[in-house]
Amino acid sequence: MAMTAVARETVFALRRQIAKIEGTLPERLQAPAGAPLDADASGADLTIVRRGLAAALPDAFLPIGIEGLDAALSGGLPKAALSEIHGLETRDAGAVAGFALSLTSLILKRAQGLPVLWIGTTEIFREAGFPYARGLQACFGIEPEQLLFSEAPKLVDALWIAEEAARMTALAAVILEIRGNPQRLDLTATRRLHARAQAAGRPVFLLRQAAAPEPTAAAVRLIVSSAPATPRDTIAGPLAGSIGRPAFTVTIGKSRTALPGQFTLEWNPDERAFDERRSEEKREWAKDPVAVVSLSGGRKDPAAASGAVLAFPAVSSSAPGGQPPPGQRAAHFGPRRAG
């Protein structure tokens, strides 16, 4: 325990030294002692977010609405900057898109009727699909005309559209969704997006599906994945076996002012706001006594495990040339509906 405390103090000392070199407020890099960071003595929460001595007012950030997360990010996500939202695996695509739509809902509350442009390649929309229009209004309060989509055949076209859209003040925000780690999405490309966002004073969100973190010009990188839903709350208490509100595990992977941290957030579709899941709610989910599959009637023990299940026949039963027999095709060769 003592070694852990010593190591933590050593890390904080190094962070404070780096802060002095970069011109960042050292007090913003202190370890939170179970309480939110204190505001500036003058009453205004001033935070230096870039090298040099320029300070940013709280209005320069989009507050997420979670006190601990907003405090760690020095007020929230920067409005005039490039921010990354990462999904490490393909199965996280729904969680990443849902988190981005939640942020879009928060932006549109202050956008005064301006739409949001969502840009992606044909590959990503075919793989992850389009958001459902009726679900946008029900879960996020987003009208279909408030969310515009641009489907580009190639990544170079999507980057060009994003750069041109990022400079437009007629948009509340720009979302660029990319799959993997393509070579064209390098440090130069992200610097251009970040510069356009700064010039227009509008946020640009870079959604990375099934991507590994790599150096970019983004001020913040959040790694998002789905979290288990808690039981639905009712007047009589939690409803056993039910599925509650959508939940996200959000990890601060990169920030110019924040220490690494992880939060479990729930999206409230009625209030159109985030709630932080309490630790006791996590424990209640772990103790859920509901069986996944009930036993068959008249049996004391579950059935024996089945044998191996193969998607395709063995090689020995294949047609000549290693091809499947006539009438069988691999699933990924068929058309796939997006949306």
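Residues numbered from 1 in each chain as written. Predicted model: local features only at pLDDT ≥ 70, side-chain atom pairs only at ≥ 80, totals over all residues. Heavy atoms only, no water.

1. So, the overall build of the protein chain
This is how it is decided: Numbering goes from the N terminus for both helices and strands, where a helix is a DSSP run of H or I of at least four residues and a strand is a run of E of at least two. Using a 1.4 Å probe on the protein chains alone, a residue whose accessible area is under 20% of its type maximum counts as buried, one over 50% counts as exposed, and one in between counts as partly exposed. In this description, contact between two residues means that some pair of their heavy atoms is separated by no more than 4.5 Å. Accessible surface is estimated by sampling points in the Shrake-Rupley manner with a 1.4 Å probe; for residues, cover comes only from the protein chains shown.
For the protein chain, the count of helices and strands is eight helices and 13 strands. Residues counted as buried form 38% of the 339 residues belonging to the protein chain. When contacts within the protein chain are restricted to residue pairs at least 6 apart in sequence, long-range pairs at least 24 apart make up 68% of them. Looking at the protein chain as shown, the accessible area adds up to about 19600 Å², and 56% of this sits on carbon and sulfur atoms.

2. Re the sheet that holds strand β5 (residues 147–152)
For clarity, the cut-off: What makes two strands pair is DSSP finding at least two bridges between them. What counts as an axis is a line fitted to C-alpha atoms, over the stretch in contact for a helix, and the angles between N-to-C directions run from 0 to 180 degrees.
The nine strands are arranged β5-β4-β6-β7-β3-β8-β11-β12-β13 in an open sheet whose pairing can be described as mixed. What marks the edges here is a single partner per strand, and that holds for β5 and β13 (273–276). Sheet twist, expressed as the average angle between the axes of neighbouring strands with direction ignored, equals 25 degrees. In the sheet, strand β12 (residues 262–268) pairs with β13 via four bridges, with the strands oriented antiparallel. If you follow W267 over to β13, its bridge partner there is F274.

3. Observations regarding the confidence of the model for the protein chain
Applied cut-off: A residue's pLDDT is the confidence the predictor assigns to it, expressed on a 0 to 100 scale.
When pLDDT is averaged along the protein chain, the result is 77; 67% of the residues meet or exceed 70. Segment residues 24–54 is flagged for pLDDT under 50; beyond a separation of four residues in sequence, or across chains, it makes 54 contacts in the model. This stretch, residues 328–339, has a pLDDT under 50; its non-local contacts, to residues over four places away or in other chains, come to twelve contacts.

4. With respect to helix α7 (residues 187–200)
One turn of the α-helix equals 3.6 residues, which is why residues spaced by three or four share an orientation. So the rule is basically this: Here the expected span of a helix is defined as 1.5 Å times the quantity of residues minus one. Each direction from the helix axis to a C-beta atom contributes to the arc, which is the arc of those directions.
With 14 residues, α7 extends 20 Å from end C-alpha to end C-alpha; this agrees with the ideal 20 Å at 1.5 Å per step. Buried within α7 we find A189, T190, L193, H194, A197 and A200. The buried residues of α7 occupy an angular sector of 135 degrees when the element is viewed end-on, so they sit on one face. Structurally, α7 contributes buried residues whose contacts are with β3 (82–87), α6 (155–166), β6 (173–179) and β7 (204–209). Within two residues after α7, G201 carries a phi angle of roughly 70 degrees, on the positive side.

5. Some thoughts on the packing of α6 against α7
To keep it simple, the criterion reads: We call two directions roughly parallel when the angle between them is under 35 degrees, roughly antiparallel when it is over 145, roughly perpendicular when it lies between 65 and 115, and oblique otherwise. When the near helix sits turned anticlockwise from the far one by under a right angle, the crossing is termed left-handed; a clockwise turn instead gives a right-handed crossing. Charged residues are taken to be Asp, Glu, Lys and Arg, nonpolar residues to be Ala, Val, Leu, Ile, Met, Phe, Trp, Tyr, Cys and Pro, and polar residues to be all remaining types, Gly included.
Two elements in contact, α6 and α7, have axes separated by 8 Å at closest approach and are oriented at 20 degrees. If you check the angle between α6 and α7, you find them roughly parallel. Viewed along their axes, α6 and α7 form a crossing whose handedness is left-handed. Contacts between α6 and α7 involve A162, E163, E164 and A166 from the first element and R192, L193, R196, A197 and A200 from the second. Along the lines of polarity and charge, the residues of the contact of α6 with α7 split into five nonpolar, no polar and four charged.

6. Overview of the side chain of R277
Keep this limit in mind: Pairs of N or O atoms within 3.5 Å make up the polar contacts considered here, provided that, within protein, one atom can donate a hydrogen while the other can accept it, and that residues adjacent in sequence are counted only when both atoms are side-chain atoms.
Within the element layout of this structure, R277 appears in the loop between β13 and α8 (279–286). The buried category is assigned to R277, whose relative accessible area is 8%. Among the polar contacts made by the side chain of R277, one reaches the main-chain carbonyl oxygen of P228 at a distance of 2.7 Å.

7. Topic: unusual backbone geometry
Here A210, not a glycine, exhibits a phi torsion of approximately 55 degrees, which is positive. As for its placement among the helices and strands, A210 is situated in the loop between β7 and β8 (220–227). Of note in this structure, R272 is not a glycine but carries a positive phi near 55 degrees. When you line up the elements, R272 lands in the loop between β12 and β13.

8. Regarding the nonpolar core
Test applied: In these notes, a set of buried Ala, Val, Leu, Ile, Met, Phe, Trp, Tyr and Cys residues joined through side-chain atoms within 4.5 Å is what counts as a nonpolar core.
Core analysis: the biggest nonpolar cluster contains 44 residues, and F99, F205 and F274 have the highest contact counts within it. Residue contributions to this core peak at ten residues, all from helix α3 (residues 93–108).

9. Side note on the side chain of T216
Mapped onto the secondary structure, T216 falls in the loop between β7 and β8. Classification of T216 as buried rests on a relative accessible area of 9%. In this structure T216 touches E84, L187, T190, R208, R221 and K254, once residues within four positions along its chain are discounted.

10. Digging into the environment of P238
Following the sequence through the fold, P238 ends up in strand β10 (residues 237–238). Judged by its relative accessible area of 63%, P238 falls in the exposed class. If we ignore the near neighbours within four places in the chain, the residues touching P238 are P231, R232 and D233.

11. Overview of α3
Over its 16 residues, α3 extends 22 Å from the first C-alpha to the last, a length consistent with the 22 Å expected when each residue adds 1.5 Å. Of all 16 residues making up α3, 15 are buried, and the element is well covered by its neighbours.

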